[in-house]
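Results of the structural survey
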Amino acid sequence: MSQRHLSPAEAARRLGVSVKALRVYESHGLVAPLRTAADWRTYGPDEIARLHQVVALKRLGLSLARIGQLLKDAGSLDQVLDLQERVLARESVRVGKALAIVRAARAKLAGGSALSIEDLTTLTKETTMTGKASDDEMKAIFDPPAQKHFTPEENAMLRQRSFDQAEVSRNWESLIAEAKTLMAKGDPYSPAARDLARRWQAQVKLFTQGDAEVDRKVLGMWKDAMANPATAPKLPLNPEIFAFVQKAASKL
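First, a word on what this report is: a plain description of the structure on this page. (Residues numbered from 1 in each chain as written. Predicted model: local features only at pLDDT ≥ 70, side-chain atom pairs only at ≥ 80, totals over all residues. Heavy atoms only, no water.)

1. Digging into the overall build of the protein chain
As a reminder of what qualifies: By definition, any uninterrupted DSSP run of H or I lasting at least four residues is a helix, any uninterrupted run of E lasting at least two residues is a strand, and each is numbered from the N terminus. Under the scheme applied here, a residue whose accessible area is under 20% of the maximum for its type counts as buried, over 50% as exposed, and between as partly exposed, the area being computed with a 1.4 Å probe on protein chains only. Only the protein chains shown count as cover for residues, and the accessible areas themselves come from Shrake-Rupley with a 1.4 Å probe. As used throughout, the charge tally considers Lys and Arg to be positive and Asp and Glu to be negative, leaving His and the chain termini uncounted. By convention, the point assigned to a charge is CZ for Arg, NZ for Lys, CD for Glu and CG for Asp.
Helix and strand counts for the protein chain come out as twelve helices and two strands. Counting helices and strands in the order they occur from the N terminus, the protein chain gives α-α-β-β-α-α-α-α-α-α-α-α-α-α. Principal-axis analysis of the C-alpha atoms gives the protein chain an extent of 70 × 60 × 30 Å. In the protein chain, buried positions account for 33% of the 252 residues. A total of about 15500 Å² of accessible surface is found on the protein chain, and carbon and sulfur atoms cover 55% of it. Side-chain charges in the protein chain split into 38 positive and 30 negative, and the spacing between the mean points of these groups amounts to 3 Å.

2. Regarding the environment of Leu-196
Note the threshold: Between two residues, a contact is recorded if the distance between any of their heavy atoms is within 4.5 Å.
Inspection of the secondary structure assignment puts Leu-196 in helix H10 (residues 191–208). For the pair formed by Leu-196 and Ile-176, sequence separation is 20 residues and the distance between their alpha carbons is 9.4 Å. With residues near it in sequence (within four places) discarded, Leu-196 still touches Leu-175, Glu-178, Ala-179, Leu-182, Phe-244 and Val-245.

3. So, the environment of Gly-44
Positionally, Gly-44 belongs in the loop between strand S2 (41–42) and helix H3 (45–59). When its relative accessible area of 1% is taken as the criterion, Gly-44 is described as buried. As a C-alpha pair, Gly-44 and Ala-56 span twelve residues in sequence and 18 Å in three-dimensional space. Filtering out sequence-adjacent residues up to four positions away, Gly-44 remains in contact with Arg-4, His-5 and Leu-34.

4. Considerations on helix H11 (residues 212–227)
Here is the rule: How far a helix is expected to stretch is found by multiplying one less than its residue total by 1.5 Å. By the criterion applied in these results, polar contacts are pairs of N or O atoms within 3.5 Å in which, for protein atoms, one can donate a hydrogen and the other can accept it, and in which residues neighboring in sequence qualify only through two side-chain atoms.
Over its 16 residues, H11 runs 22 Å from end to end, which matches the ideal 22 Å to within 8%, given 1.5 Å per residue. Here H11 has its buried residues at Val-214, Lys-217, Val-218, Gly-220, Met-221, Trp-222, Ala-225 and Met-226. Those residues of H11 that are buried lie in contact with helix H7 (135–149), helix H8 (152–159), H10 and helix H12 (239–249). Capping the start of H11, Asp-211 holds a side-chain oxygen 2.9 Å from the backbone nitrogen of Glu-213, two or three residues further along.

Below, the structure written as structure tokens:
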């Protein structure tokens, strides 16, 4: 019995993406739909399996270029599922911890007790401060450490450097998502991790322009922000990601 094939519209609906997204994935060489005798695109089991890999990796935050490279290096559906399982398992631990804290707080209130300041700060930090910080929030987070580590003249000079902020943000989001994905695999010395570290250093250099002193001060800013329990949960980076990238960079 022949396997059923899906039209682009039905494939998109079932996968939770748009038909336009399917065309974009195709244009990047990530999937090659079959063609009917009338030259209509159609997706069979192999193509749907490939699309699952693309969509899964995209939702982990990877760029299409990196997805293409990962699929070229790994290729099998099982390897992508293994990666997906590891990342989701890490997230489930965080969600489970948050649920336990919320339930404990409700039980305390139900027993007639008030929540202490420690209870409330833990509740806030572990259950609400997990979203992406806005530009204004990031500015508020980094203004104090910037004033601590850089002189007013240095801060003025750094503000004059011209960047496409939207593109820089997209690049960092992609690198950080890739770092989290590679961390789930557990090997900071793999070729993929070393390649990530190389591109990470290149992205840093866009801001520091190769100035070792600026690089040192920027690192100090991030360490201060990550050490502050009021700001750390809002940051896209954490000490574990830094340590992973530094280990990978040590092998360059």
